[in-house]
Amino acid sequence: MPLFLPQFNLQKFNTLAVPALAQYFVSVKSDDELREALAFARTENLPLLLLGGGSNIVLRDDFPGLVVHIKSQGREVVAENDDYVWLKVAAGENWHQLVEYSLDNALYGLENLSLIPGSVGAAPIQNIGAYGVEIKELVAELSALNIRSGLSVTFTNESCRFAYRDSIFKQALKDQYVITSVTFRLHKQPNLNLTYPALGAAFADIVEAEITPQQVSAAVIRIRQSKLPDPAIIPNVGSFFKNPVIAHTQFNNLKARHPDIVAYPVSENQIKLAAGWLIDKAGWRGKEVGGAVVHAQQALVLTNPLKVSGAAVLELAELIKQSVLEQFSVILEMEPRTYP
Ligand code: EPU
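Predicted, not measured: the structure shown is a model, and the values here were computed from it. (Residues numbered from 1 in each chain as written. Predicted model: local features only at pLDDT ≥ 70, side-chain atom pairs only at ≥ 80, totals over all residues. Heavy atoms only, no water.)

Looking only at helices and strands, one finds seven helices and 20 strands in the protein chain. In summary, the protein chain has a C-alpha radius of gyration of 20 Å against a globular reference of 20 Å for 340 residues, a match within 12%. When the backbone C-alpha atoms are referred to their principal axes, the protein chain occupies close to 60 × 55 × 35 Å. The buried share of the protein chain, reckoned over its 340 residues, is 49%. Put simply, 61% of the contacts in the protein chain that link residues at least 6 apart link residues at least 24 apart. Of the side-chain charges in the protein chain, 29 are positive and 34 negative, and the distance between the mean point of each set is 5 Å. (Helix = DSSP H or I, 4+ residues; strand = E, 2+ residues; numbered from the N terminus. Rg over C-alpha atoms; globule rule 2.2 N^0.38 Å. Buried < 20%, exposed > 50% of the residue type's maximum accessible area, 1.4 Å probe, protein only. Contact = heavy atoms within 4.5 Å. Lys, Arg positive; Asp, Glu negative; His and termini not counted. Charge placed at Lys NZ, Arg CZ, Asp CG, Glu CD.)

What follows is the structure, encoded as structure tokens:
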């Protein structure tokens, strides 16, 4: 039986370092322990918060329910052919340690996703992506436990309905499943993606055949460290907002007023704006309100150096949203999830 700890301080379990209390906290290392935790929540009628690395949540207040920390470990090759290896990884594994493990074992594809904080099981929920690659390109399938029935279900890549920072687990199946393992299809031969401009620039003078995935990983780590604060030093949850996708017609109006606006085409009709640029242009970069700070190197990141409450960070976020709406008529959507 896993140990249920009452009145547990979550400060070390969320990378924003918000000092909120969980009514109950439990760490689970296996599917059986997870089922026991879910049964406890059901019997006691407690709301659930499923926690991986805690790098994508904002605790607005104490959580009146059960926080389940997924700690399952393990990696296993489940299939292989001439081109690919299928690697099944437990949800509780650390994301960056998986990236390092894959590179050490000559398995490729995850290198652009180096140094992203968080756990393997949380990664598919928002289809983590960086430097030109999204996890949806590498997920073969995943296993998840139905919270109500306790039954395990396999989701194919297609049934996860991955999209930019999105999946079925944030939409139709929100709060209905716990991801317990993810099976990645990794390349045996390097399959580099250097489309992201700053990454391409890092290798401008080198012939692509001579670049290794390990070097790409090292370059991604350098670029991340130059812009993004290390949550272990300056508490943060990475991008606080999603990059908003708008219609070309609206974009043309904005572009006429702001010729330097940064955007990436998504489809024939839609374009994705750099939210960091909007927030920066609205004058927020480096600003502080109530202890929460807009990161000086990347305005899309809010930091919490004084470890103030989640509510204080959300107040700053709200001011930013208002100001971007007034100046650009664009609605910013938060990226991390808010609890309770
Ligand atoms: N920009 C500014 N001012 C700023 C910040 C950005 O002008 O203060 C401009 C930059 O100059 C650049 C553009 O905005 O031209 C985009 O900035 P950046 O390349 O840093 O990427 P991003 O679009 O802000 C996204 C992801 C990051 C990911 C990077 C790299 C989202 C919400 N964020 O950020 O993901 O690391 O691309 O691929 O899509 C995260 O999700 O937590 C995260 C860090």
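Back to the text.
Inspection of the entire model under this criterion finds one cavity of 30 Å³ or more. Approximately 40 Å³ is the volume found for the largest cavity. In this structure, the largest cavity is lined by Val28, Lys29, Ser30, Asp31, Leu34, Ile70, Ser72 and Thr180. Broken down by class, the residue content of the lining of the largest cavity amounts to three nonpolar, three polar and two charged. (1 Å grid on protein atoms, 1.4 Å probe; cavity = no way out; pocket = protein on both sides within 12 Å on 5 of 7 lines; lining within 4 Å. Points joined across faces, edges and corners; volume = space filled by probe spheres on them. Nonpolar A, V, L, I, M, F, W, Y, C, P; charged D, E, K, R; others polar.)

Before going further, it helps to examine the environment of Cys160. Relative to the helices and strands, Cys160 is located in the loop between strand E11 (152–156) and strand E12 (177–187). Taking the C-alpha atoms as reference points, Cys160 and Glu141, 19 residues apart in sequence, are found 8.4 Å from one another. When near neighbours in sequence (up to four residues on either side) are disregarded, Cys160 contacts Leu142, Phe155, Ser167, Ile168 and Phe169.

Next up on the list: the site of the ligand. Near the ligand, the surroundings consist of 24 residues, among which Tyr131, Tyr164, Arg165, Tyr196 and Asp280 are the closest. Interatomic distance of 2.7 Å between a side-chain N/O atom of Arg165 and an oxygen atom of the ligand. Between an oxygen atom of the ligand and a side-chain N or O atom of Lys227, the distance comes to 3.0 Å. Protein chains shield 81% of the accessible area of the ligand, which is 830 Å² for the free molecule. Those elements giving two or more residues to the shell around the ligand turn out to be helix H4 (213–227), strand E13 (236–239) and helix H6 (275–281). Sorting elements by how many residues they give to the shell around the ligand places H6 first, with three residues. (Near = heavy atom within 4 Å. Polar contact = N/O pair within 3.5 Å; in protein donor to acceptor, adjacent residues only side chain to side chain. Areas by Shrake-Rupley, 256 points an atom, 1.4 Å probe, with all protein chains shown as cover.)

Read from one edge to the other, the open sheet built from four strands follows the order E1-E2-E5-E3, with strand pairing classed as mixed. The outermost strands of the open sheet, each flanked by one partner alone, are strand E1 (5–9) and strand E3 (48–51). Neighbour-to-neighbour, the strand axes of this sheet turn through a mean angle of 40°, independent of strand direction. (Pairing = 2+ DSSP bridges. Axes fitted to C-alpha atoms, helices over the stretch in contact; angles between N-to-C directions.)

When cut into domains, the protein chain gives domain 1 (5–70), domain 2 (75–227) and domain 3 (236–339). The C-alpha centroid of domain 3 is placed 29 Å from the C-alpha centroid of domain 1. In this complex, domain 1 contributes 15 residues to the contact, which on the side of domain 3 involves 18 residues. With both sides pooled, the region where domain 1 packs onto domain 3 buries about 1400 Å², and carbon together with sulfur makes up 60% of that total. (Domains from an automatic or database assignment. Buried area = accessible area lost by both parts, 1.4 Å probe.)

Scanning the model with the defined rule gives nine salt bridges in all. Across the pair Glu134 and Lys136 runs a salt bridge whose closest N-O atoms are separated by 3.7 Å. (Salt bridge = Lys/Arg side-chain N within 4 Å of Asp/Glu carboxyl O.)

This model, assessed by the stated rule, comprises 13 aromatic pairs. On the basis of an interplanar angle of 65° and a centroid distance of 5.8 Å, the ring pair of Trp95 and Phe184 is categorised as edge-to-face. Note that Trp95 is positioned in helix H2 (residues 95–104) and Phe184 in strand E12, a separation of 89 residues in sequence. We classify Trp95 as buried; its relative accessible area is 1%. Given a relative accessible area of 0%, Phe184 falls into the buried group. On the numbers, 4.7 Å between centres and 85° between planes, the contact of Tyr131 with Tyr196 is edge-to-face. Linking Tyr131 in the loop between strand E8 (129–130) and strand E9 (133–134) with Tyr196 in the loop between E12 and helix H3 (197–202), this pair joins segments that are 65 residues apart in sequence. Accessibility expressed as a relative area gives 9% for Tyr131, which makes it buried. (Phe/Tyr/Trp six-rings, centres within 6.5 Å; stacked < 30°, edge-to-face > 60°.)

The strand order across the open sheet formed by three strands is E14-E16-E15, and the pairing between neighbours is antiparallel. Unpaired on one side and paired on the other, strand E14 (245–247) and strand E15 (263–265) mark the two borders of the sheet. Neighbour-to-neighbour, the strand axes of this sheet turn through a mean angle of 35°, independent of strand direction. The pairing of E15 with strand E16 (residues 270–273) spans three bridges and is antiparallel.

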